Amino acid sequence: MRNSSSFRRDRMKKGIYVLPNLFTTANLFCGFYSAIASMKGMYEIAAITILIAVVLDSLDGRIARITHTTSKFGGEYDSLCDLVTFGVAPAILVYNWSLLSYGKWGWLAAFLFVVCGALRLARFNVQVSVIDSSVFNGLPIPGGASVVATGVWLFYYLGGDGRFPHLVVMFGMTAVALFMVSSIKYYSFKDLNFFLRKPFMSFVVIVVILVVIVAEPQIMLFTFAFGYSLSGPVWALFKLQRRLLTEYRAKKTQYQDHPL
């Protein structure tokens, strides 16, 4: 035990990888700033800051893998930062923007989002080596935060002003929280490699999508975030329907072959 403890101390004395952890720290900064902006009533700024953090979060892991600077410290640090940025900050944003009017039920809905995000991250850390890397088990917490942030951003783009105390926000927040801790599978996009050769039309499609996003970022980003949050349940229902249909056809064939 002493040798193991001394070995861990020696490894920490050698330091940590700077570049990927700088991106993770920037992610944490965005989450903290978003919470401050929410408390000051700058809800649109708070939402945009969370979306910037989503981009930073997608970069830190890729940079670590490309530069071969992955580490257990970096993984743990990333999870802690994600809980603040994509769990606490969106909950504070939605509570101040909408749920404040519902008293106890409002802050409980916000807390449910935070605790489901924490459980989602803890489960991911435990299952990271055993689950297929091409899918996520439950809606990833940055995806849940993206739904919240793009929804608030779209509200102001469509002419909204001030706060928006509506029950649909509470139900939506609860649904997203439950999606995060569900066992519904979501595509992870980890098998996409932009460094490999792709068909010419694939490049054209990507350029067209980027042009549309730049033209209408509020509408398109909300569409992508909301659509991704629903993609898991829709795909699960499709697979369930296909399985039930297959079983029904098998039973029907068996009955025709062996009638009573």
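Undergrad: An account of the side chain of serine 229 is requested, with residue identities and associated values reported.
TA: Here serine 229 shows up in helix α9 (residues 217-257). Of the residues examined, serine 229 reaches a relative accessible area of 2% and is grouped as buried. In this structure the side chain of serine 229 is engaged in a polar contact, spanning 2.6 Å, whose partner is the backbone oxygen of phenylalanine 226. Setting aside residues up to four positions removed in sequence, serine 229 forms contacts with Leu139, Val147, Phe179 and Tyr186.

Undergrad: Before we move on, could you go through the nonpolar core and cite the residues and values that matter?
TA: In this structure, Ile50, Leu93, Trp97, Leu99, Phe113 and Val152 are the most contacted members of the largest nonpolar core, which totals 43 residues. Secondary structure elements with two or more residues in this core: α2 (18-39), α3 (43-66), α4 (72-97), α5 (103-127), α6 (141-157), α7 (167-181) and α9. No other element matches α6, which puts 9 residues into this core. Discounting residues that sit within four places of it in the chain, isoleucine 50 has contacts with Ser34, Thr85, Phe86, Ala89, Pro90, Leu93, Ala145 and Ala149.

Undergrad: Lay out the confidence of the model for the protein chain in plain terms, naming residues and giving numbers.
TA: Summary statistics for the protein chain give a mean pLDDT of 87 and a share of 90% for residues scoring 70 or more. The lowest-confidence element of the protein chain is helix α1 (residues 2-13), averaging 51 in pLDDT; the highest-confidence one is α6, averaging 96.

Undergrad: So what about the side chain of serine 146? Which residues, and what values?
TA: By secondary structure assignment, the location of serine 146 is in helix α6. On the basis of relative accessible area, serine 146 is assigned to the buried category, the value being 11%. When residues no more than four places from it in sequence are discounted, the contact partners of serine 146 are Leu51, Val54, Gly151 and Ala225.

Undergrad: Outline a nonpolar patch on the surface, supporting the account with residue identities and numerical values.
TA: A grouping of Phe29, Tyr33, Met42 and Ile45 is seen on the molecular surface, where their side chains present a nonpolar patch of about 380 Å² in accessible area. Topologically, isoleucine 45 is positioned in helix α3. Assessed through its relative accessible area of 39%, isoleucine 45 is described here as partly exposed.

Undergrad: Describe the packing of aromatic side chains, listing the residues and the values that go with them.
TA: With the rule as written, the count across this model stands at 12 aromatic pairs. Seen in terms of ring centroids, tryptophan 97 and phenylalanine 164 are 5.7 Å apart; in terms of plane orientation they differ by 35 degrees. Their pairing is tilted. With tryptophan 97 in helix α4 and phenylalanine 164 in the loop between α6 and α7, this residue pair connects regions lying 67 residues apart in the sequence. Given a relative accessible area of 5%, tryptophan 97 falls into the buried group. What makes phenylalanine 164 partly exposed here is its relative accessible area of 29%. Every member of this aromatic cluster is reached through a ring pair, and the members are Trp97, Phe155, Tyr156 and Phe164.

Undergrad: How would you explain the packing of α5 against α7 if you had to name every residue and give the values?
TA: Running from N to C, α5 and α7 point in directions that differ by 20 degrees, and their axes come no closer than 8 Å. Classed by the angle they form, the pair α5 and α7 counts as roughly parallel. Regarding α5 and α7, the two cross each other, and that crossing is left-handed. Note on element contacts: α7 touches α5 through Met170, Met173, Thr174, Val176, Ala177, Met180 and Val181, opposite Trp105, Gly106, Ala109, Leu112, Phe113, Cys116, Gly117, Leu119, Arg120 and Arg123. Here the residues of the contact of α5 with α7 are counted per class, giving 12 nonpolar, 3 polar and 2 charged.

Undergrad: Got a sec to walk through the pattern of salt bridges? Specific residues and values, please.
TA: Working definition: two side chains of opposite charge can pair if their charged atoms are close together. This structure, assessed with the given rule, holds 2 salt bridges. With its nearest N and O atoms 3.7 Å apart, the salt bridge here joins lysine 72 to glutamate 76. Pair noted here: lysine 72 and glutamate 76 are both in helix α4, with a separation of 4 residues, about one helical turn. Residue classification places lysine 72 among the exposed residues on the basis of a relative accessible area of 66%. For glutamate 76, a relative accessible area of 39% translates into the label partly exposed. Arginine 243 is the partner of glutamate 247 in a salt bridge, and the nearest nitrogen-oxygen pair spans 3.2 Å. With a gap of 4 residues between them, glutamate 247 and arginine 243 both fall in helix α9, about one helical turn apart. Glutamate 247 gets classed as partly exposed once you look at its relative accessible area, which sits at 36%.

Conventions and cut-offs
- Residues numbered from 1 in each chain as written.
- Predicted model: local features only at pLDDT ≥ 70, side-chain atom pairs only at ≥ 80, totals over all residues.
- Heavy atoms only, no water.
- Helix = DSSP H or I, 4+ residues; strand = E, 2+ residues; numbered from the N terminus.
- Buried < 20%, exposed > 50% of the residue type's maximum accessible area, 1.4 Å probe, protein only.
- Polar contact = N/O pair within 3.5 Å; in protein donor to acceptor, adjacent residues only side chain to side chain.
- Contact = heavy atoms within 4.5 Å.
- Core = buried A, V, L, I, M, F, W, Y, C linked by side-chain atoms within 4.5 Å.
- pLDDT = per-residue confidence, 0-100.
- Patch = residues over 30% accessible without salt bridge, like charges linked within 9 Å, V, L, I, M, F, W, Y side chains within 5 Å.
- Areas by Shrake-Rupley, 256 points an atom, 1.4 Å probe, with all protein chains shown as cover.
- Salt bridge = Lys/Arg side-chain N within 4 Å of Asp/Glu carboxyl O.
- Phe/Tyr/Trp six-rings, centres within 6.5 Å; stacked < 30°, edge-to-face > 60°.
- Axes fitted to C-alpha atoms, helices over the stretch in contact; angles between N-to-C directions.
- Parallel < 35°, antiparallel > 145°, perpendicular 65-115°, else oblique.
- Left-handed = near helix turned anticlockwise from the far one by under 90°.
- Nonpolar A, V, L, I, M, F, W, Y, C, P; charged D, E, K, R; others polar.

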